Amino acid sequence: MKKHNRLLNMILASLFLALAYVLPFLTGQIPKIGSVLCPMHPPVLLCGFICGWPWGLIVGFIAPLLRSALTGGFPPMFPTAVCMAFELAAYGAIAGLMHKILPRKKPFIYCSLITAMILGRLVWGAAMFICVGLNSGSFTFAAFIAGALTNAVPGIILQIVLVPVIVMLLDNLNVLKLRDQNGQK
């Protein structure tokens, strides 16, 4: 059964990685709000919830770097994609870890999600501070607030609405419970 779970997680993680790659193409068709929807974030968060923290961490780290490399710099590799890699890795890892530790009830799904979103944004801010500092620039607190919160409000709302609904739906369909019974809690 462990081989089955590992294969299932690998397939699902690949699906989430593919979604993180493709969704920005779809939202990019709406220039004014496409990038503020944070289209790579929901697949990574879902990967953490569904596949577990190690898979969420890996998919989160790889997704922006792979997308930047394959699309010719969208998002730009340095510092944007590099900092996003750390942010999304934190998203996937924290969401998965908290979902594993906390009870499987609706309030705790939201708690896991919001904690992952906050800590992921803090990781992004720290990464930006370091990367911009390496280029002899400065990353101010105002730039952090603008990038982490103000410009991302539509994406934050989308994540808070969409991710828990999908996780609860999968829990209700016993998809995650079946996986947990096979030794993958």
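Quick summary incoming for the structure in this document. (Residues numbered from 1 in each chain as written. Predicted model: local features only at pLDDT ≥ 70, side-chain atom pairs only at ≥ 80, totals over all residues. Heavy atoms only, no water.)

On to the nonpolar core. With 32 residues, the main nonpolar core has L45, F49, I50 and V163 as its most contacted residues. W124, C131, F139 and A148 belong to the second-largest nonpolar core, a separate cluster that totals 9 residues. (Core = buried A, V, L, I, M, F, W, Y, C linked by side-chain atoms within 4.5 Å. Buried < 20%, exposed > 50% of the residue type's maximum accessible area, 1.4 Å probe, protein only.)

Attention now goes to the pattern of salt bridges. One pass over the structure, following the stated rule, counts 2 salt bridges. Put simply, R121 and E87 hold a salt bridge, and the shortest N to O gap is 3.2 Å. Linking R121 in helix α5 (residues 106-134) with E87 in helix α4 (residues 77-101), this pair joins segments that are 34 residues apart in sequence. On the basis of relative accessibility, which here comes to 2%, the residue E87 falls in the buried class. Note that D171 is salt-bridged to R104, the shortest N-O span being 3.8 Å. Placement of the pair is D171 in helix α7 (residues 153-172) and R104 in the loop between α4 and α5, with a sequence separation of 67 residues. According to the relative accessible area criterion, D171 is buried, its value standing at 7%. (Salt bridge = Lys/Arg side-chain N within 4 Å of Asp/Glu carboxyl O. Helix = DSSP H or I, 4+ residues; strand = E, 2+ residues; numbered from the N terminus.)

With that settled, the discussion passes to the layout of surface pockets. Computed from the structure, the largest pocket encloses a volume of approximately 580 Å³. As for the largest pocket, its lining consists of 25 residues, of which S35, V36, C38, T80 and M84 are closest to the centre. Broken down by secondary-structure element, the contributors of at least two residues to the lining of the largest pocket are α1 (2-27), α4 and α5. The wall of the second largest pocket is formed by I114, M117, I118, R121, L122, F144, I145, A148, L149, I156 and I160. Of all elements in the fold, only α5, α6 (141-148) and α7 reach the threshold of two or more residues within the lining of the second largest pocket. Tallying contributions element by element places α5 first for the lining of the second largest pocket, with 5 residues. Split into classes, the residues belonging to the lining of the second largest pocket amount to 10 nonpolar, no polar and 1 charged. (1 Å grid on protein atoms, 1.4 Å probe; cavity = no way out; pocket = protein on both sides within 12 Å on 5 of 7 lines; lining within 4 Å. Points joined across faces, edges and corners; volume = space filled by probe spheres on them. Nonpolar A, V, L, I, M, F, W, Y, C, P; charged D, E, K, R; others polar.)

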